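# Architecture and fold: a report
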Amino acid sequence: MLGLLRYAKEYKKELILGPFFKFLEAVFELLLPLGMAMLIDNGIAKHDFNYVLKISTLMILMSVVGLFCVLLCQYYSSVASQGFGTDLRTALLKKINTLSHQDLNDFGTSTLVTRMTNDINQLQLALAMLIRLVIRAPFLSLGSLIMAFYINAKIALIFILALAIFCSVLYVMAKQTVPLYKKVQKQIDKMNQVISENLSGIRVIRAFGQKKYSEDGMEQTNKQLAKAYRRVANVSAILNPATILIMNGAIILILFLGGNYINTGSLTQGELLALINYLTQMLLALIVISNLVVIFSKASAAATRVNEVLETTPSIQEPTDAVTELATQNNVSLSFKNVSFKYQVNSGLALENISFDLKRGQTLGIVGTTGSGKSSIIQLAPRFYDPTSGSIELFGVPLQKISLTTLRNTFGIVPQQSVLFTGSVRENLQWGKKDATDKECWDALMIAQSADFVEKLPKKLDTMIVEGGKNFSGGQRQRLTIARALINQPEIIILDDSLSALDFQTDANLRKSLAANLTNSSQIIISQRISSIQDADQILVIENGTQVGLGTHEDLMLSCVTYQELVESQQSSRKAGDH
Ligand SMILES: Nc1ncnc2c1ncn2[C@@H]1O[C@H](COP(=O)(O)OP(=O)(O)OP(=O)(O)O)[C@@H](O)[C@H]1O
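The numbering scheme is per chain: residues are counted from 1 as the chain's sequence reads. Predicted model: local features are reported for residues with pLDDT of at least 70 only, side-chain atom pairs are reported and counted for 80 or more only, and whole-chain, interface and lining totals are derived from all residues.

Right, let's talk about the overall build of the chain for a bit. The helix and strand inventory of the chain stands at 20 helices and twelve strands. What the globule rule says is 2.2 Å times the number of residues to the power 0.38, and the radius of gyration is computed from C-alpha atoms. For the chain, the C-alpha radius of gyration of 35 Å lies well beyond 25 Å, the compact-globule estimate for 579 residues. For the chain, the spread of C-alpha atoms along the three principal axes comes to 115 × 50 × 45 Å. Looking at the 579 residues of the chain, the share that counts as buried comes to 35%. Counting only contacts in the chain whose residues sit at least 6 apart along the sequence, the fraction spanning at least 24 positions is 78%. Secondary structure follows DSSP: runs of H or I at least 4 residues long count as helices, runs of E at least 2 residues long count as strands, and numbering of each begins at the N terminus. Buried residues are those with 20 or more other C-beta atoms within 10 Å of their own C-beta, exposed residues have 12 or fewer, and partly exposed residues lie in between; C-beta atoms are placed from the backbone. Residues are treated as contacting if the C-beta atoms built from their backbones sit within 7 Å of each other.

And the structure:
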């Protein structure tokens, strides 16, 4: 956990001044019972009004200065803890952005959300408490003990006894709660996952009338989370009553022993009062320490989880001596040589022996039944995953040697699901090219057959896209994501079933427009529709992860049974639709 403090190094001043002011306040607080004893024994008992006035003024002054010290400490702790949380969150997001798709699959989205939010909040709170209380509480408890020895060493032994019992209770409790907090965090992950699935799929849940099923699932996860919390609370709840019990037991002992000492004249009434004050102060400080233990137990579990992400070595890394310039004039832009791939070490092959050469400026169509491995092929080209065996080359250079930025800038990818972000149409297009001008935006929209509908929008390029692009139709979203992918004029454009929401005419116009405007770019078009790929220079046919055909439409109609069946099934379903 301490390792994470490196993210607080910008706040050194606050980390020093915060505890310093809290320490000052604690010194004043420690002196107050002594002042009270002096006031009673030397002022009130001797009817010395001037002495009472002097000491009480001094005590008020100490309290006021103490108050200002507390305010300053609160200020510094807020600045440092909020800053630390912000810096840590930024670092975590940066790290997540370096992780490969495989690493992200391994973690899962919900746990990353919990780590970015809940876990970092815990760490922020722990740092604030560290500044406010970590020096003050031990100082007050130790200071009270020393003051007790200063007043009466024999009675101070009761303090030691109370302290020993308290520490034992605390140790037992901490040992039990730390693992329980880890379980709670896991349940929070699960809860986040259920919430995000339920909210993102709310329309589907309603459409299928699955409200009850979704609510039951949520309730079950909710109950499990509550159960995990209850188990921690049951253990933690023992601490405060146990501390009060120890405190009251110790006070009884002090009164008993102190009463005898007063009778024999070896202790004054003021001193007895001061001793009880110090005991209360010590144990209250210890309760604070115990609460700190709870906060730090949670923070320790949170730190482990945050560190787990920060310390993950991305499975796909920037190569040393990376190639940043590609000979894009090269005849072959992308080449797969006997590529096989599996998603998990112990799972079966998702792709087996895939080989093709995509020539510059040409189009490769990929067809196959659903789940046959089409998307998996194009996940390998920008190195979202590395192949299990075989090799892939981009303009003659093995992918592993190319800088990740150069590699990914070579591709313009339109994924299966059209993901748009909250922001204007222009801002969304500029994801493809940061400094794209309005002309470049309109050109890209024109090629993607989107200029017409964007032109009709009230604010055109400045029209806001709401979360997930819900204010656009499925087909409009697809065309906007296509425009975003080609605004940078990439060397290779990949359309992963991205024409599915378009009518046949728009689909044909779009492909014509791509061919006419991006003459130097190669294209990979994945589609279930034969009509979308039949004009491609080459068509790759995939079945159960294996390559069962490669050639033109005409070649495949002669040589590939799977292709012939696909064509036939689409022709017959179209005929059935016509009737
Ligand atoms: N992230 C993943 N982790 C594990 N297995 C996966 C993952 N993505 C895909 N698969 C598996 O790999 C196989 C091929 O999936 P892929 O998405 O490549 O098929 P596809 O042909 O593109 O399907 P569709 O046409 O339905 O989009 C499937 O069996 C699928 O379950």
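Here the focus is the nonpolar core. When buried Ala, Val, Leu, Ile, Met, Phe, Trp, Tyr and Cys residues are joined through C-beta atoms within 7 Å, the set is termed a nonpolar core. Counting 61 residues, the largest nonpolar core has Ala444, Ala483, Leu486, Ile494 and Ile524 as its most contacted members. Of all the elements, helix H16 (residues 474-486) adds the most residues to this core, at five residues.

We now examine the environment of Ser498. Along the polypeptide, Ser498 turns up in the loop between strand S9 (492-496) and helix H17 (504-517). On the neighbour-count criterion, Ser498 (27 C-beta atoms within 10 Å) is buried. C-alpha of Ser498 to C-alpha of Ile238: the two residues are 260 residues apart in sequence and 59 Å apart in space. Leaving out residues up to four positions away in the same chain, Ser498 has contacts with Val414, Gln478, Thr481 and Ile482.

For strand S1 (residues 332-341) and strand S2 (residues 351-359), the ladder comprises six bridges, and the chain directions are antiparallel. Across the sheet, Phe341 pairs through a bridge with Leu351, a residue of S2. Two strands make a pair as long as DSSP finds a minimum of two bridges between them. Here five bridges tie S1 to strand S4 (residues 389-394), and the two strands are oriented antiparallel to one another. Following the sheet pairing, Leu334 is matched in S4 by Leu394.

As used in this record, a residue near a molecule or strand is one whose C-beta atom, placed from the backbone, is within 6 Å of it. Taken together, the neighbourhood of the ligand is formed by 13 residues, with Tyr343, Thr370, Lys374, Ser375 and Ser376 sitting nearest. The greatest single-element share of the shell around the ligand, amounting to three residues, is contributed by helix H11 (residues 374-380). Along the lines of polarity and charge, the residues of the shell around the ligand split into two nonpolar, nine polar and two charged. Gly is placed with the polar residues, together with every amino acid not listed as nonpolar (Ala, Val, Leu, Ile, Met, Phe, Trp, Tyr, Cys and Pro) or charged (Asp, Glu, Lys and Arg).

Here we take up the confidence of the model for the chain. As a per-residue quantity, pLDDT reports the predictor's confidence and falls between 0 and 100. Considering every residue of the chain, the mean pLDDT works out to 86; 97% of them sit at 70 or more. Both scores are given for the predicted complex: the pTM is 0.72, the ipTM 0.95.

Another point: the packing of helix H2 (residues 49-98) against helix H4 (residues 109-133). Think of each axis as a best-fit line through the C-alpha atoms, taken over the contacting stretch in the case of a helix, with angles from 0 to 180 degrees between the N-to-C directions. Between H2 and H4, whose axes approach to 9 Å, the crossing angle comes to 155°. Relative to H4, the element H2 is oriented roughly antiparallel. In this structure, H2 crosses over H4, and the sense of that crossing is right-handed. Here roughly perpendicular refers to angles of 65 to 115 degrees, roughly parallel to angles under 35, roughly antiparallel to angles over 145, and oblique to all remaining angles. Crossing handedness: left-handed means the near helix sits turned counterclockwise from the far one by under a right angle, and right-handed means the same turn made clockwise.

Turning our attention to unusual backbone geometry. Positive phi is not limited to glycine here, since His47 has a value of about 50°. Examined against the element boundaries, His47 turns out to sit in the loop between helix H1 (12-44) and H2. Backbone geometry at Gln449 places phi at a positive 60°, although glycine is not the residue there. Structurally, Gln449 can be placed in the loop between helix H14 (438-447) and helix H15 (451-455). Residue class for Gln449 comes out buried when judged on the 24 C-beta atoms lying within 10 Å of it.

Here the focus is the packing of helix H9 (residues 239-264) against helix H10 (residues 269-310). Pairs of packed helices are described in terms of their axes, by the angle between the two and the distance that separates them. Following both chains from N to C, one finds H9 and H10 inclined at 165°, their axes separated by 10 Å at the closest point. When the axis of H9 is compared with that of H10, the two are roughly antiparallel. Handedness of the crossing formed by H9 with H10: right-handed. Touching Leu239, Asn240, Thr243, Ile246, Met247, Ala250, Ile251, Ile254, Gly258 and Ile262 of H9 are Gln269, Leu272, Leu275, Ile276, Leu279, Thr280, Leu283, Leu286, Ile287 and Ser290, all from H10. Looking at the contact of H9 with H10, its residues break down into 14 nonpolar, six polar and no charged.

Helix span, as expected, comes to 1.5 Å for every residue beyond the first. If you check helix H5 (residues 136-151), its first and last C-alpha atoms are 22 Å apart, about what 16 residues at 1.5 Å a residue would give, namely 22 Å. Every buried residue belonging to H5 is among Arg136, Ala137, Leu140, Ser141, Gly143, Ser144, Met147, Ala148 and Ile151, and all of these are buried. Projected down its long axis, H5 carries its buried residues within an arc of 165°, all on one side. Buried residues along H5 sit against H1, H4, helix H6 (153-200) and H10. By arc we mean the arc of the directions from the helix axis to the C-beta atoms, nothing more.

Attention shifts here to the environment of Thr114. Here Thr114 is to be found in helix H4. In this structure the C-alpha to C-alpha distance between Thr114 and Ile188, which are 74 residues apart in sequence, comes to 7.1 Å. Non-local contacts of Thr114, meaning those with residues more than four positions away in its chain, are made with Asp119, Gln185, Ile188, Asp189 and Asn192.

On to the environment of Ala91, then. Within the secondary structure, Ala91 is located in helix H2. With 16 C-beta atoms counted inside 10 Å, the residue Ala91 sits in the partly exposed group. Once residues lying within four places of it in the same chain are set aside, the contact partners of Ala91 are Tyr7 and Leu310.

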